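Listed below are the residues making up each chain.
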Amino acid sequence: MQTVPLNYYLILSAIVFSIGVIGVLVRRNLIAVLMSIELMLNAVNLTFIAFSRFLGSIEGQVAVFFVMAVAAAEAVIGLAIVISVFRHRQSVDPQEMQLLKW
Amino acid sequence: MHLPTLIFFTLAAFLIISSLLVVFLPNVVHSALALVTALLIISIFFVVLQAPMVGVLQVLVYAGAIMVLFLFVIMFLNLTATEPRRRAWLSFAGLSALLLGGVLSAMLTQSEPAADPVAATELFGSPEMLARSLFNDFVLPFEIASVLLLVAIVGAVVLAKRRS
């Protein structure tokens, strides 16, 4: 059975990654920004798996395993920071976090 | 157009639509549900690409654990008010994302490897093969990942704890 070519998967993951970038830029809610980052990580994972399949090497899948572990840690720490920020200023708008802005 | 390509395009269309919904739905809970859909479709792609173990992990860890955490925090903070949108940023973001997508596609598709080098064996992508690679060649990163998870647990407790 003929399979779908590699390039299709690569272009699809590039599109999904770009959509995630839009989310990081336009959303004004920290949780939505974090979700967009998760979307970008998943687009990269799709690239890893596609290359692993088409190059016949298992290392891509191992890389995805580690990306998942790091993404879980990132989500936990990010959401803890969101809770902590919300306690301080009753808002999750990243535009209001400009204490370091000169 | 033969059947695998048709299925691919259907799933790809659903994936793009659900990722657009993640980004553009005003309510965060709806975005989270759209993200669950996107993650499940990506896990289908993983299974199709002979990575069944990673696909199962995707459903368990991402669509299961991480998204439950997201929904828990959304409901914990009770963010009912929909956010104002950054209208001025939208065109800039769309333009830069378009540019980024074009550059990424061009760079990624530059090198075309051999058409179909992996014979569809039962072994490739199985838990056994993944574990063999993980515990032979990648033992040190595996242990570092476990330390990272421990640090994340401690950090989350310290950050989210109420100051007394």
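Scoring rules and cut-offs
- Residues numbered from 1 in each chain as written.
- Chains lettered and ligands numbered in written order.
- Predicted model: local features only at pLDDT ≥ 70, side-chain atom pairs only at ≥ 80, totals over all residues.
- Helix = DSSP H or I, 4+ residues; strand = E, 2+ residues; numbered from the N terminus.
- Rg over C-alpha atoms; globule rule 2.2 N^0.38 Å.
- Buried ≥ 20, exposed ≤ 12 C-beta atoms within 10 Å, placed from the backbone.
- Contact = placed C-beta atoms within 7 Å.
- Axes fitted to C-alpha atoms, helices over the stretch in contact; angles between N-to-C directions.
- Parallel < 35°, antiparallel > 145°, perpendicular 65-115°, else oblique.
- Left-handed = near helix turned anticlockwise from the far one by under 90°.
- Nonpolar A, V, L, I, M, F, W, Y, C, P; charged D, E, K, R; others polar.
- Domains from an automatic or database assignment.

Undergrad: What is the right way to read the overall build of chain A from this model?
TA: Along chain A, the regular secondary structure elements total three helices and zero strands. Its C-alpha atoms give chain A a radius of gyration of 17 Å, more than 25% over the compact-globule value 13 Å for 102 residues. Across its three principal directions, the C-alpha atoms of chain A cover 55 × 25 × 25 Å. In chain A, which comprises 102 residues, the share counted as buried stands at 53%. Pairs at least 24 apart in sequence give 44% of the contacts found in chain A among residues at least 6 apart.

Undergrad: For this particular structure, what's the right way to read the packing of helix α1 (residues 3-24) of chain B against helix α2 (residues 28-48) of chain B?
TA: Residues and elements named next belong to chain B. Orientation of α1 relative to α2, taken along the N-to-C sense of each, is 155°, at an axis distance of 8 Å. Between α1 and α2, the angle falls in the class roughly antiparallel. As for the relative orientation of α1 and α2, their crossing is left-handed in sense. Judged by residue contacts, Leu-11, Phe-14, Leu-15, Ser-18, Ser-19, Leu-21 and Val-22 of α1 engage Ser-31, Ala-34, Leu-35, Thr-37, Ala-38, Ile-41, Ile-42, Ile-44 and Phe-45 from α2. Looking at the contact of α1 with α2 residue by residue, the class counts come to twelve nonpolar, four polar and no charged.

Undergrad: When you look at the packing of helix α2 (residues 30-55) of chain A against α1 of chain B in this model, what are you seeing that I'm missing?
TA: Any two packed helices are characterised by how steeply their axes cross, that is the angle between the axes, and by the distance between the axes. At a minimum axis separation of 9 Å, α2 of chain A and α1 of chain B run at an interaxial angle of 155°. Regarding the angle of α2 of chain A to α1 of chain B, the classification is roughly antiparallel. In this structure, the crossing between α2 of chain A and α1 of chain B has a hand that is left-handed. Residue-level inspection shows Met-35, Ser-36 and Leu-39 of chain A of α2 of chain A in contact with α1 of chain B, the latter providing Ser-19, Val-22 and Val-23 of chain B.

Undergrad: Is there a simple way to explain the interface of chain A and chain B in this structure?
TA: Accessible area lost on assembly of the parts is the figure often given for the size of an interface. Taken together, the contact pairs 62 residues of chain A with 68 residues of chain B. At 21 residues, the largest contribution of residues to the side of chain A that touches chain B is made by helix α3 (residues 59-89) of chain A.

Undergrad: Can you help me understand the domain arrangement of chain B in this one?
TA: Residues and elements named next belong to chain B. Segmenting chain B into domains produces domain 1 (1-80) and domain 2 (122-164). Averaged C-alpha coordinates put domain 1 and domain 2 at centres separated by 22 Å. Each side of the interface is counted separately: domain 1 has four residues, and domain 2 has five residues.

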